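One letter stands for each residue in the lines below.
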Amino acid sequence: MIQIRPALPADVRAIKRLVEPYAQRRILLAKDLVDYYESVQEFFVAETEDALVGCGALHVMWEDLGEVRTLAVDEQLLKTGIGHTLLERLLERARELGLTRVFCLTFEVDFFREHGFEPVAGAVVEPEVFTEILRSRDDGVAEFLDLARVKPNTLGNTRMLRHL
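Definitions and cut-offs
- Residues numbered from 1 in each chain as written.
- Predicted model: local features only at pLDDT ≥ 70, side-chain atom pairs only at ≥ 80, totals over all residues.
- Heavy atoms only, no water.
- Helix = DSSP H or I, 4+ residues; strand = E, 2+ residues; numbered from the N terminus.
- Buried < 20%, exposed > 50% of the residue type's maximum accessible area, 1.4 Å probe, protein only.
- Polar contact = N/O pair within 3.5 Å; in protein donor to acceptor, adjacent residues only side chain to side chain.
- Core = buried A, V, L, I, M, F, W, Y, C linked by side-chain atoms within 4.5 Å.
- Contact = heavy atoms within 4.5 Å.

Participant: Explain unusual backbone geometry here, please?
Facilitator: Negative phi values dominate among residues other than glycine, just as trans dominates among peptide bonds. Even without being a glycine, Arg 26 presents a positive backbone phi close to 60 degrees. If you trace the backbone, Arg 26 turns up in the loop between α1 (12-24) and α2 (33-39). Its identity as a non-glycine residue notwithstanding, Lys 79 has a phi of 70 degrees, on the positive side. With respect to the helices and strands, Lys 79 occurs in the loop between β4 (65-73) and α3 (82-96).

Participant: Would you take a moment to explain the side chain of Glu 67 for this structure?
Facilitator: By the secondary structure assignment, Glu 67 is in strand β4. Note on Glu 67: relative accessible area 3%, which makes it buried. At 2.8 Å, the side chain of Glu 67 and the side chain of Arg 69 are in polar contact.

Participant: Where do I start with the nonpolar core in this structure?
Facilitator: Soluble globular proteins tend to pack their nonpolar side chains together in the buried interior. Val 68, Leu 71, Leu 87, Val 102, Phe 112 and Phe 117 are the most contacted members of the largest nonpolar core, which totals 21 residues. Take this core: its biggest share by element is six residues, from α3. For Leu 87, the residues in contact, after removing those within four places along its chain, are Val 68, Leu 71, Phe 111, Phe 112, His 115 and Phe 117. If you look at the next biggest cluster of nonpolar residues, it comprises 17 residues, including Ala 7, Val 12, Ile 15 and Tyr 36.

Geometric descriptors of this kind do not, in isolation, establish any biological role.
Written as structure tokens, this is what we have:
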């Protein structure tokens, strides 16, 4: 049986191991351990009795906007519903926080479309908000803003948005 729960600092090394195969293929961004520790409170994990088998994070970007990040499932357990369950928990968390929109940057367009996300082009936030979040040093925020400095990381990805 799979249990979804908030991640703990003790889970960070397992999260990195789950993400690593995807990062090597440039499907997900590679991150240092310190980045995972700093953002562990954003993560939920899927676990069996003896292992972590999936992870995903919700990063708040603005008062009404969050981003699903680092959604990964053990490659041997793809197509078993773990990713769907994790994403649904992340969307539930977004609602709990009062967010009304959730963004993702993904190669898995069909998967996210099944959950109500739609491809989006151009600005997703008002100019005033754009100016504020432009100050963030977070690469994920830069990807959301579609800034040129992160283009090599985002080639082929689709920007998607869901209204909650």
